[in-house]
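# Survey of secondary and tertiary structure
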Amino acid sequence: MFDIILEIFSFPFLVRAIIVGGLVSICAALLGVSLVLKRYSMIGNGLSNVGFGSLALATALNMAPLMVSIPIVIVAAFLLLRLSETSKIKGDAAVALISTGALAIGIIIISQTTGMNTDVCNYLFGSILAMSMADVYLSIILSIVVLILFILFYHKLFAITFDETFAKTAGINTGLYNMIIALLTALTIVLGMRLMGVMLISSLIIFPALSSMRVLKKFKSVTVCSAIISVICFFVGIVVSYVYDTPTGASVVLVNIIVFALFWLIAIFSNSALLNKLRK
């Protein structure tokens, strides 16, 4: 196993993928806890579909994909937030409305321009070979920005996650901090699309948070545990992908599913042991 890991680190494109993937995994896991608790976890899926539409547009215009995707996905995140807060279209319905519309627009643009070529498929399903050095530098910078903003506003994000009404009465600008969550989520989704693909990026948001919530109850411990799980699952997924020649994104998701099942079993056995102790 050690030889395999050394071999993996001998390939520059794999090192780039591990660096960017590790940072994106941490960002996604940190945000995932708040999004899952706020019952807004499917925003990742919605924004990734918007990302696909923006990538199709960038391909058609022969422009840099990330430069086009970042502003479009950020605007879509704010629009989703606005729809959920001020209209009768709430939560999952707002996500479905925007995501299916963006996906349809992307498919139409592609069908009228380049067709389903290799670049488009890489974005749909992920490809570690798609990471250029420019993408790596931009991803590192934006990931650090996401992490810094999350740490700076941790207490405020914690407050609006658990009780937004109380936070508002306590004088916290809930609208502003919801926008910060939307912004950070949009950046994380765009950064992860290269590696995980549009179809699978939301798994980095959902699975680590759900796994840690099986056995932990405090927000801080769940957040830290989610970040650790996410990074480990991503690295193991890279190793599995390398050894068995499987798609990277799908391998990472499979490892996350296995970890989630293990944590679920731990929770079941822990609850059973606690009940037996109480009965005695």
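### Topic: the overall build of the protein
- Counting its secondary structure elements, the protein contains 13 helices and zero strands.
- When the helices and strands of the protein are read in sequence order from the N terminus, they spell out α-α-α-α-α-α-α-α-α-α-α-α-α.
- Within the protein, the proportion of its 280 residues that are buried is 50%.
- In the protein, 74% of the contacts between residues at least 6 apart in sequence involve partners at least 24 apart.
- For the protein, the exposed area adds up to about 13,700 Å²; of that, 72% sits on carbon and sulfur atoms.

### Quick notes on the packing of aromatic side chains
- Within this structure, the stated rule accounts for eleven aromatic pairs.
- The interplanar angle of 65 degrees and the centroid separation of 6.2 Å between the aromatic rings of F150 and Y154 together place this pair among those described as edge-to-face. An identical accessibility class is assigned to F150 and Y154; each is buried.
- Members of the aromatic cluster, each reached through a chain of ring pairs, are F150, Y154, F158, F162 and F219.

### Remarks on the confidence of the model for the protein
- Predicted confidence across the protein gives a mean pLDDT of 83, with 89% of residues reaching 70 or more.
- Helix α6 (residues 118-125) is the least confidently modelled element of the protein, averaging 64 in pLDDT, while helix α12 (residues 219-244) averages 93, the highest of any element.

### So, helix α8 (residues 154-162)
- Every buried residue of α8 is listed here: Y154, L157, A159, I160 and T161.
- Of the surrounding elements, those touching the buried residues of α8 are α2 (12-37), α7 (133-152), α9 (164-169), α10 (174-196) and α12.

### Re α12
- The terminal C-alpha atoms of α12, which comprises 26 residues, lie 36 Å apart, in line with the 38 Å expected from a rise of 1.5 Å per residue.
- Among the residues trailing α12, D245 stands out with phi positive, at a value near 55 degrees.

### Some points on the packing of α8 against α10
- Close contact between α8 and α10 brings their axes to 10 Å; oriented N to C, the two are set at 105 degrees. Of the possible angle classes, the one that applies to α8 and α10 is roughly perpendicular. Only T174, Y177, N178 and I181 of α10 make contact with α8, whose side of the interface consists of K156, L157 and I160.
- For the contact of α8 with α10, the residue count by class is four nonpolar, two polar and one charged.

### Considerations on unusual backbone geometry
- In this model, N62 sits at a positive phi of 55 degrees, which is unusual for a non-glycine residue.
- A positive phi angle is found at D245, which is not glycine, with a value near 55 degrees.
- If you trace the backbone, D245 turns up in the loop between α12 and α13 (248-279).
- The class for D245 is exposed, based on a relative accessible area of 70%.

### As for the packing of α2 against α12
- For the pair α2 and α12, interaxial distance at closest approach is 8 Å and the crossing angle is 145 degrees. Our pair here, α2 against α12, has a crossing hand that is right-handed. Contact with α2, carried on its side by L14, A17, I18, G21, G22, S25, I26, A29, L30, V33, S34 and L37, involves F219, V222, T223, S226, A227, S230, V231, F234, F235, I238 and Y242 of α12 and no other residues of that element.
- Among the residues forming the contact of α2 with α12, the class breakdown is 16 nonpolar, seven polar and no charged.

### As for the side chain of T174
- Topologically, T174 is positioned in helix α10.
- Setting aside its immediate chain neighbours within four residues, T174 contacts I160, E164, A167 and K168.

### Quick notes on the environment of V145
- Mapped onto the secondary structure, V145 falls in helix α7.
- V145 gets classed as partly exposed once you look at its relative accessible area, which sits at 34%.

### Details of the side chain of S202
- With respect to the helices and strands, S202 occurs in helix α11 (residues 202-215).
- Leave out the neighbours within four places in its chain, and S202 touches G44 and N45.

Conventions and cut-offs
- Residues numbered from 1 in each chain as written.
- Predicted model: local features only at pLDDT ≥ 70, side-chain atom pairs only at ≥ 80, totals over all residues.
- Heavy atoms only, no water.
- Helix = DSSP H or I, 4+ residues; strand = E, 2+ residues; numbered from the N terminus.
- Buried < 20%, exposed > 50% of the residue type's maximum accessible area, 1.4 Å probe, protein only.
- Contact = heavy atoms within 4.5 Å.
- Areas by Shrake-Rupley, 256 points an atom, 1.4 Å probe, with all protein chains shown as cover.
- Phe/Tyr/Trp six-rings, centres within 6.5 Å; stacked < 30°, edge-to-face > 60°.
- pLDDT = per-residue confidence, 0-100.
- Expected span 1.5 Å × (residues − 1).
- Axes fitted to C-alpha atoms, helices over the stretch in contact; angles between N-to-C directions.
- Parallel < 35°, antiparallel > 145°, perpendicular 65-115°, else oblique.
- Nonpolar A, V, L, I, M, F, W, Y, C, P; charged D, E, K, R; others polar.
- Left-handed = near helix turned anticlockwise from the far one by under 90°.

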